[in-house]
Amino acid sequence: MTAALAPAVARGWRRRRNPSLVVGAVLVALVVLTALVSFVWTPHDPTFVEASVRLRGPGSGYWLGTDKFGHDVVSQLMVGARTTLFVGVVAVSVAAVLGVPLGLLAGMAPRWTGELVMRLLDLLLAFPALLLAIMLGAAFGASTLTAMVAIGIATVPSFARITRSGTLQVMSTDYALAARAAGRRPSAVAVRHALPNVASLVIVQASVSFAIAILSEAALSFLGFGTPPPTPSWGRMLQESQELLFVAPRLALFPGIAIALAVLGFNLLGDGLRDRFDPRLEDQR
Amino acid sequence: MWVTVLQRTAILAASLIIASVVVFAVLAVLPGDPARVALGVNATEEAVVRLREQFGLDRPLVVQYADWAGGLLRGDLGTSYVSKSPVGPQVADRLQVTGILVLASMLVALVVALPAGVVMAVRHRRLSGLLLSAVSQVGVAVPAFLAGILLITVFAVRLRWLPANGWTPPAADPVMFLEQLTLPALSLGLVQGAVLTRYVRSAILDVLHEDYLRTARAKGLTAGRALVRHGLRNAAVPVVTVLGLQLATLLIGAVVVERVFVVPGLGSLLLDGVADRDLLVVRDVVMVLVVAVLLVNFLVDLLYVAIDPRLRRAR
C-alpha cells in the first residue's frame, strides 16, 4: 500500500510544492536574515580579541564556543554571512552586467560576429575564478575586491552563453520577425522582445552562479587570497581551524556547515526557479 | 572529420597565443616592476637595477614576451628571480604530483558517479532515487577543501587510519604513497563525483525515453541489458564533455586541496611563488595550468566527435 502510494505522493509534492524552490528559498532567506541581523546585533563583538576566553567550548555564554583568538564563533559566522553575500552580489552583478549585453550582442549580430564574441568568451573558460584571483592577487595584492572581480569575470561566459541562446530563440520567432519587418532596429528588438524573454534564464543563472561565487570566495579566503583579517569570513575561519583539528574540530565544522547550507540554498533555489519558469522540465529532473 | 580536427587545432593555437599575452600582461605589466616586486620595498635602487639587468627586465616588453613565449615553446621556463634556479625542472616535478592526484580523484569521481547516476535515473520516481538525489545535492554544496578537512578529522584525527598530510613518491615507498594519496584524492573525487552524478543521471534519463530503447525491449532484451547495450553509449556523449570540463576543475581544485594536505604539487608551487613574490614562477605555473585546461578542452572536443559519428558530418 505505502510502496504503491510513495511515487504518487512524491510526484504530487514535486508538482504542487516544488520542494527545491521552498527549501532553497528558506535557506537563502536564513543566510540573508543572519547577515541583516548582524548589522544591528551579534552576541559578542566578532573581532574583539579576548585571550582569557580562548578555545572555549559551546555553552558558557558562547553558544558555539570561541576560536583561538577568543572570538565568539556565532558572531563570526553572522558577520561572515554578510561577507559571503557581499562578495556574491558584487561578483554576480559584474558577471551579469558584462555577460548579458555580450550575449544579446552575440545573439543579434551577424553570425560571424556572434561566433567571434563567443569564441573570445570561451577563452575566459581557460581562466577559472580561482586561478584568475590568484593571478590578480599576485599582481595587485590579495583583497576582497580582486576576489570579487576575478569571480565575476570568470562567470561572464555562462551569462553570455545563456543570454545568447535565449536571444537566438527569440530572434527566430514570428513576432521578432514582425517587429523587424515593421522597421524596428535589431537593438530595439533585443531590448523590447529578447531581454524580457531571457530574464528568467538569467535569474536562474544568477542563483546558480551565486552558489559558485560562495564556493570560490570560501576557497580564496582559505588560501589567503580573499577577505583579509580582521573581517570575519567563513573560508578564513576554516583555514584558522585547520591547525586545531586535533584540539577543536568543531571550529572547522561550523563554518563548513554554513558554507554548505548557503551553497545548497542557492543551488536549490536555482533548480526550483528553473522548474517554476519552465514546467516542461519538471518531469525530467 | 579532418576539417573539424584542423579547425579545432587552429582555435587551440589562437587561444594559446591570446592566453599567453593575457598572462604576460597581467603579471609583467600591471604590477609595475617585477624586480622591485621580487626584492620588496626596502631594496636599494642598485640591487633593483642589477636584478633587472641580470634577468633582462630592462628590455622592451615585446622582446621580453617573445623571449618568454619562445622559451615556453622550447620547454624552457626561465630562471626564478628569487631562487635564481631554473623553473622548468621544478614545474615538471610538481606537475607529476598534481597529475597523479587529479587522475586518482577522477577515478574516485567515476567510481562514485556512474553507478549512483544510473540508479538515480532508473529509480528516479522511487524513494531510493530521490534520496540519492538529495545526497548528491548536498555533495555539490561541499567545497573540496572542506571535504578534506572533514576527512582529516575523521580518518586521521579520530580513527588514526591514514596520515593527515604529506607526500611520498610512489617509487620511494608505494604503501606510504597510497596512504597519503587516499584522503586528498577522496576529498577532490567525492565532490566532483557528486557533480558528475547529476550529469550521468540526466544523460541516462534522456536515453530512457528514446525509441531505440523501447525497440530493444520489444526485441526481448531485459531493461538492464537494453540500457547497457544501447543506452550507455548514447548517454556517454554529454558525460564525456562534462568529464573533460571536470578534469579542468579538478586541476584548479587541486591547488586548494594540495594546501590542505601539504602536497608538493603545482598548486603549492604557485602559492609559494605568490608568497615569495616570484612573479616568473607565478607566470609560468599559471600558464602551465591554462595550457592544461585548454588542451583538455581540445581533446574533449575531439573525443566528442570520435564517440558520436553523427557529429562528424554535422560540423
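Residues take numbers from 1 onward in each chain, read along the sequence in its written order. Key to labels: chains lettered from A, ligands numbered from 1, both in the order written. Reporting of local features is limited, given that this is a predicted model, to residues whose pLDDT is at least 70; pairs of side-chain atoms are given and counted only at 80 or more, and all residues count toward the totals for whole chains, interfaces and linings. With hydrogens and water excluded, all non-hydrogen atoms of the structure serve as input to the side-chain values.

Undergrad: Is there a simple way to think about the nonpolar core in this case?
TA: Soluble, globular proteins show a tendency: their nonpolar side chains are buried together. Remark: nonpolar core denotes a set of buried residues (Ala, Val, Leu, Ile, Met, Phe, Trp, Tyr, Cys) joined through side-chain atoms within 4.5 Å. Between buried and exposed lies partly exposed: a residue is buried under 20% and exposed over 50% of the maximum accessible area for its type, with that area taken using a 1.4 Å probe on protein chains only. Residues Trp234 of chain A together with Leu27 of chain B are the most contacted members of the largest nonpolar core, which totals 154 residues. Numbered from the N terminus, helices here are DSSP runs of H or I no shorter than four residues, and strands are runs of E no shorter than two. If one sorts the elements of this core by residue count, helix α10 (residues 223–261) of chain B sits on top with 15 residues. Annotation comment: domain bounds sourced from an automatic or database domain assignment. Both domain 1 (2–74) and domain 2 (94–314) of chain B contribute no fewer than three residues apiece to this core. Contact partners of leucine 27 of chain B, with chain neighbours within four places excluded, come to Met135, Ala138 and Ala139 of chain A together with Leu279, Val282 and Arg283 of chain B. Membership of the second largest hydrophobic core comes to 6 residues, among which are Met118, Leu121, Val156 and Ala160 of chain A. Should any heavy atoms of two residues lie within 4.5 Å, those residues are counted as being in contact.

Undergrad: What exactly am I supposed to notice about the interface of chain B and chain A here?
TA: When the parts of a complex come together, some accessible area is lost, and that lost area is often taken as the interface size. If you look at the interface, chain B gives 47 residues, while chain A gives 43 residues. By convention, the term buried area covers the 1.4 Å-probe accessible surface removed from two parts as they join, with the contributions of both added. Across the chain B to chain A interface the summed buried area is about 3900 Å²; carbon plus sulfur atoms make up 80%. A per-residue breakdown of the area chain B buries against chain A is headed by Arg125, Phe145 and Ile149 of chain B, which together make up 15% of the total. We count a salt bridge whenever a side-chain nitrogen from Lys or Arg sits within 4 Å of a carboxyl oxygen from Asp or Glu. Taken together, chain B and chain A are joined by 1 salt bridge. A 3.5 Å cut-off defines polar contacts: any pair of N or O atoms within that distance qualifies, except that in protein one atom must be a possible hydrogen donor and the other a possible acceptor, and neighbouring residues in sequence count only when both atoms are side-chain atoms. At the boundary of chain B and chain A, one finds 2 residue pairs in polar contact (both at pLDDT 80 or more). When residues of the side of chain B that touches chain A are traced back to their parent elements, those giving at least two are α1 (2–29), α6 (127–140), α7 (144–158), α8 (174–208), α10, α11 (266–275) and α12 (279–307) of chain B. Sort the elements by how many residues they give to the side of chain B that touches chain A and α1 of chain B lands first, with 9 residues. By the convention adopted, Pro, Cys, Tyr, Trp, Phe, Met, Ile, Leu, Val and Ala count as nonpolar, Lys, Arg, Asp and Glu as charged, and the other residues, Gly among them, as polar. In terms of residue class, the side of chain B that touches chain A is made up of 36 nonpolar, 4 polar and 7 charged.

Undergrad: What am I meant to see in the confidence of the model for chain B here?
TA: Close reading of the predicted structure is inappropriate where its pLDDT is low. All names here are of chain B. The pLDDT score gives, residue by residue, the confidence of the prediction method on a 0 to 100 scale. On average, chain B scores 86 in pLDDT, and the residues at 70 or more come to 97%. Put simply, helix α13 (residues 310–314) is where chain B has its lowest mean pLDDT, 57, and helix α5 (residues 87–122) is where it has its highest, 92. The ipTM value of the predicted complex is 0.86, and its pTM value is 0.87.

Undergrad: Explain the domain arrangement of chain B here, please?
TA: Residues and elements named next belong to chain B. One can read the domain layout of chain B as domain 1 (2–74) and domain 2 (94–314). Taking only C-alpha atoms into account, the centre of domain 1 sits 32 Å from that of domain 2. With 21 residues of domain 1 at the interface, the matching set in domain 2 holds 17 residues. Buried area between domain 1 and domain 2, both sides added, is near 1600 Å², and the carbon and sulfur share of it is 77%. Remark: the boundary between domain 1 and domain 2 carries 1 salt bridge. Aspartate 301 is paired through a salt bridge with arginine 8; the nearest N and O atoms lie 2.9 Å apart. Linking domain 1 to domain 2 there are 2 residue pairs in polar contact (both at pLDDT 80 or more). Within the residue set of the side of domain 1 that touches domain 2, elements represented by two or more residues are α1, α2 (34–39) and α4 (61–74). Here the element with the most residues in the side of domain 1 that touches domain 2 is α1; it accounts for 13 residues. The residue makeup of the side of domain 1 that touches domain 2, split by class, is 15 nonpolar, 5 polar and 1 charged.

Undergrad: I tried to follow helix α10 (residues 250–277) of chain A on my own but got confused; where do I start?
TA: Spacing of three or four residues puts side chains on the same side of an α-helix, whose turn is 3.6 residues. For α10 of chain A, built from 28 residues, the straight-helix expectation of 40 Å at 1.5 Å per residue is met to within 8% by its first-to-last C-alpha distance of 40 Å. Burial analysis of α10 of chain A places 22 of its 28 residues in the buried class, the great majority of the element. For a helix, the expected span equals 1.5 Å multiplied by the residue count minus one.

Undergrad: I'm lost on the pattern of salt bridges in this one. Help?
TA: Working definition: two side chains of opposite charge can pair if their charged atoms are close together. This model, assessed by the stated rule, comprises 10 salt bridges over all chains. As a salt-bridge pair, aspartate 122 of chain A and arginine 119 of chain A come within 3.5 Å of each other at their nearest N and O atoms. Pair noted here: aspartate 122 of chain A and arginine 119 of chain A are both in helix α4 (residues 111–124), with a separation of 3 residues, about one helical turn. Given a relative accessible area of 34%, arginine 119 of chain A falls into the partly exposed group. Here arginine 59 of chain B and aspartate 67 of chain B are joined by a salt bridge, their closest N and O atoms 3.3 Å apart. Arginine 59 of chain B sits in the partly exposed class, given a relative accessible area of 31%.

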